[in-house]
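Each chain, letter by letter, is given below.
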Amino acid sequence: MMKEYKFQPASQIINVSEAATAQVKWSGVRIAYSVLGSVSSLNGEPESGITVEAIGVRASGLDCDQLQEEAITESTGQFRIRGLKPQCNYVVRVKASPDVNQHIERAIPAGIPVKVCSRKLYDSILKCFQTLLLVEFVL
């Protein structure tokens, strides 16, 4: 939630005497949004522990290409990437890196383009192809 809201004041010291009550007011403004989706294998089984990323794409007048956020899928294959900046374009994809998703050969689609407006984005669906292991058949 802290990636999606900015609170005022950002911090405040509160002195409260013993057995006293204090009232404090904060206000929050939404500054970013989320994309939600799922990752599954070709047979429809949810893929857990998959790192999914949203990579910013340069758009006219917007400096979004330096932005990147990521999340890891839950046991249900669901993910939520937080902190996407409004008016920016992103590509949501299964992260390709030597450090993560080593058992995934590729995903379809390779990336899902999204434009962040003023709401959460739902239903980004990615399918994974697992790396084939050498299997020996003996007849």
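Owing to the predicted nature of the structure, the values given are computational and were not obtained by experimental measurement. Think of each chain on its own: its residues are numbered from 1, step by step along the sequence as written. Thresholds applied to this predicted model are a pLDDT of at least 70 for local features of residues and 80 or more for the giving and counting of side-chain atom pairs; totals over whole chains, interfaces and linings are not thresholded and use all residues. Hydrogens and waters are ignored; side-chain quantities use all the structure's heavy atoms.

Participant: It is not clear to me how the state of the cysteines should be interpreted in this structure. Could you clarify?
Facilitator: Should the sulfur atoms of two cysteines be covalently bonded, the bond is a disulfide. Criterion for a disulfide: a pair of cysteine sulfur atoms at a distance within 2.5 Å. Under the definition given, this model contains one disulfide. Note on cysteine connectivity: Cys 64 is disulfide-linked to Cys 88, with sulfurs 2.0 Å apart. Because the torsion about its S-S bond is -70 degrees, the bridge between Cys 64 and Cys 88 counts as left-handed. One end of the pair, Cys 64, is in the loop between β4 (51–57) and β5 (68–72); the other, Cys 88, is in the loop between β6 (78–84) and β7 (89–94), with 24 residues separating them in the sequence. No difference in accessibility class separates Cys 64 from Cys 88, as the two residues are buried. Every helix listed is a DSSP run of H or I at least four residues long, and every strand listed is a run of E at least two residues long, numbered separately from the N terminus. Any residue under 20% of the maximum accessible area for its type is buried, any over 50% is exposed, and the rest in between are partly exposed; the area is computed with a 1.4 Å probe on protein chains only.

Participant: I'm lost on unusual backbone geometry in this one. Help?
Facilitator: In most cases, non-glycine residues show a negative phi, while peptide bonds are predominantly trans. The omega torsion across Gln 8 and Pro 9 is -5 degrees, close enough to zero to call that bond cis. By the secondary structure assignment, Pro 9 is in the loop between β1 (5–8) and β2 (27–30). Note the cis peptide between Ile 108 and Pro 109, where omega equals -10 degrees. Its place among the elements puts Pro 109 in the loop between β8 (104–108) and β9 (112–115). You will see that Ala 19, though not glycine, has its phi angle at about 65 degrees, which is positive.

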